[in-house]
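# Structure at a glance
Listed below are the residues making up each chain.
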Amino acid sequence: MEGRAGTGKSYTLAAVREAHEAAGYRVVGLAPTNAVAQDLKADGFAEAGTVHAALFGIKNGRTSWAVAPCWLWTRRRCWTAG
């Protein structure tokens, strides 16, 4: 998701996150840096971290996302996986 400041990106993402949480999905916010991951937590994500940490956890068997699809988000892109 891209757009200029004040165009509603965060508002839209919050609605998407809330809708998926209400439907029972585990929603994880991922970011390129820890600073942005902390912003995601401040924006309402119960789970947020860096892309690097998430991939490291999956590779080493510390994290599993096999239960349900999740939304992955950085300040530049929004993907759905699963």
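Residues numbered from 1 in each chain as written. Predicted model: local features only at pLDDT ≥ 70, side-chain atom pairs only at ≥ 80, totals over all residues. Heavy atoms only, no water.

### Some remarks on the overall build of the protein
Going by this rule: Under the DSSP-based scheme used, a helix requires at least four consecutive residues in state H or I and a strand at least two consecutive residues in state E, with every element numbered from the N terminus. The buried label applies to any residue whose accessible area, calculated with a 1.4 Å probe on protein chains only, is under 20% of its type's maximum; exposed applies above 50%, and partly exposed to all values in between. Contact definition: two residues touch when any of their heavy atoms are within 4.5 Å.
Helix and strand counts for the protein come out as three helices and four strands. Ordered by position from the N terminus, the helices and strands of the protein form the series α-β-α-β-α-β-β. For the protein, the proportion of its 82 residues judged to be buried stands at 26%. A separation threshold of at least 6 residues defines the contact pool for the protein, and within that pool the share at least 24 residues apart is 44%.

### Quick look at the pairing of strand β2 (residues 47-50)
What counts here: When DSSP finds two or more bridges between a pair of strands, those strands are recorded as paired. With the strands aimed away from the viewer, a crossover counts as right-handed if its path from the first strand over the helix to the second runs clockwise.
Relative to β2, strand β1 (residues 28-31) runs parallel, the two being bridged by four bridges. Bridging from a neighbouring strand, Val28 pairs with Glu47 of β2. As for the winding sense of the linkage, the β-α-β connection from β1 through helix α2 (residues 34-42) to β2 is right-handed.

### Considering the side chain of Arg17
Note the cut-off: Polar contact criterion, stated in full: a pair of N or O atoms within 3.5 Å, where within protein one must be able to donate a hydrogen and the other to accept it, and residues adjacent in sequence count only if both atoms are side-chain atoms.
Residue placement: Arg17 occurs in helix α1 (residues 9-22). For Arg17, the side chain forms a polar contact with the main-chain oxygen of Asp43, separated by 3.4 Å. Dropping the residues within four chain positions of it, Arg17 is found in contact with Val27, Asp43, Gly44 and Phe45.

### Description of the pattern of salt bridges
Our working definition: Between Lys or Arg on one side and Asp or Glu on the other, a salt bridge is scored when a side-chain nitrogen of the former is within 4 Å of a carboxyl oxygen of the latter.
In the structure shown here, the tally under the stated rule is three salt bridges. Through salt bridges that share partners, Arg17, Glu18 and Glu21 make up one connected network.

### Concerning the packing of aromatic side chains
Rule in force here: Classification of ring pairs uses Phe, Tyr and Trp, with its six-membered ring standing for Trp, and accepts pairs whose centres are within 6.5 Å; under 30 degrees between planes counts as stacked, over 60 as edge-to-face, and the remaining range as tilted. Think of it as a cone above the ring: NZ of Lys or CZ of Arg counts as a charge over the ring if it is within 6 Å of the ring centre and within 35 degrees of the ring normal.
Tallied over the entire structure, the rule returns zero aromatic pairs. Its end group placed over the ring of Phe45, Arg17 keeps NZ or CZ at 5.5 Å from the ring centre.

Treat this as a map of the structure, not an account of what it does.
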